[in-house]
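Here is how the chains run, residue by residue.
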Amino acid sequence: MLWNNFKVAFAMYSKIPMPMADWNKENMKYTFCFFPFIGLVIGALSYLVGWAGGKFGFNPSFVSAVLVLVPVMVTGGIHVDGLLDTSDALSSWQERERRLEILKDSHAGAFAVITACAFFLIWYGAYSQLWTDRRALLIMALGFMVSRCFSGISVMMFPKARKDGTVAEFSRKAEDMIVRNVLIVYLGILLAVMICIQPVMGILVFGTAVLVFLYYHYKAMKYFGGITGDLAGYFLCLCEVGMAVVLAVVSVFI
């Protein structure tokens, strides 16, 4: 059963090939317990890219560009899609129902394009600064798990803006309390490991994730009346790029 939950998590939220599994209640109970392991794959590949860049003397600009693309290649850009849809909806300044309609619109508006450019540019700048610091790169690698733990907790605990959609479907079929508690345990372990790697970096990065999580809750409740899959992707992207920027700044002084 757990193996099927693992397969569903990776089939839904990554482009990593997985054996077939039925998307029924039994196979989706603990899906979000395995969601952070997609972050583990992204983090491991990111650290490997940084290590290879230093080991073989690749141009720093090339290494930074590859690092920016690693999460997109692993996930297929599913979370970036949520970031862009949410940016369009928030920038529309329409009523709540209209904002929810915009989230489902497959067309990209001007604000989505602007957000995409800014998002990848910030990522590139942050990685250009931090990738040569092995401590910072390792903490960022763990950050991809942290963001997914918080995202999973939001799916389990936050009100849903719509009764249909992916988030509502996964939430209905999940064991909310068990999944939430597992994700909290993951977060405790990740925080401890981050602090062991470098205390100041670890605390500041984890604190950044918490602040973005609170901001996400505020925006979702105020403007949408709950969360959707797009909003969860919006949070994930903001959380990860926020952690990267903090690491880029802090790594200069530590």
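In what follows, the accompanying structure is described.

About the criteria used
- Residues numbered from 1 in each chain as written.
- Predicted model: local features only at pLDDT ≥ 70, side-chain atom pairs only at ≥ 80, totals over all residues.
- Heavy atoms only, no water.
- Phe/Tyr/Trp six-rings, centres within 6.5 Å; stacked < 30°, edge-to-face > 60°.
- Helix = DSSP H or I, 4+ residues; strand = E, 2+ residues; numbered from the N terminus.
- Buried < 20%, exposed > 50% of the residue type's maximum accessible area, 1.4 Å probe, protein only.
- Lys NZ or Arg CZ within 6 Å of the ring centre and 35° of its normal.
- Core = buried A, V, L, I, M, F, W, Y, C linked by side-chain atoms within 4.5 Å.
- Contact = heavy atoms within 4.5 Å.

Another point: the packing of aromatic side chains. How two aromatic rings sit relative to each other is given by the distance of their centres and the angle of their planes. Scanning all chains against the criterion turns up 20 aromatic pairs. Look at Trp-123 and Tyr-127: their rings are 5.0 Å apart centre to centre, the planes differ by 20°, and that puts the pair in the stacked class. Note that Trp-123 and Tyr-127 are positioned in helix α7 (residues 110-130) at a spacing of 4 residues, about one turn of the helix. Across the pair, exposure class does not vary: Trp-123 and Tyr-127 are buried alike. Ring pairs connect the aromatic residues Trp-3, Phe-6, Phe-10, Phe-34, Phe-37 and Tyr-186, which therefore count as one cluster. Against the face of Phe-224 rests Arg-99, its NZ or CZ located 5.9 Å from the ring centre.

Quick look at the nonpolar core now. In this structure, Trp-123 and Tyr-127 are the most contacted members of the largest nonpolar core, which totals 75 residues. For this core, the element with the most residues is helix α8 (residues 134-157), which contributes 13 residues. The contact partners of Tyr-127, leaving out residues within four places of it in the chain, are Ser-46, Ser-64, Leu-67, Val-68, Leu-137, Met-140 and Phe-144.

So far we have only geometry, and geometry alone does not tell us how the molecule works.
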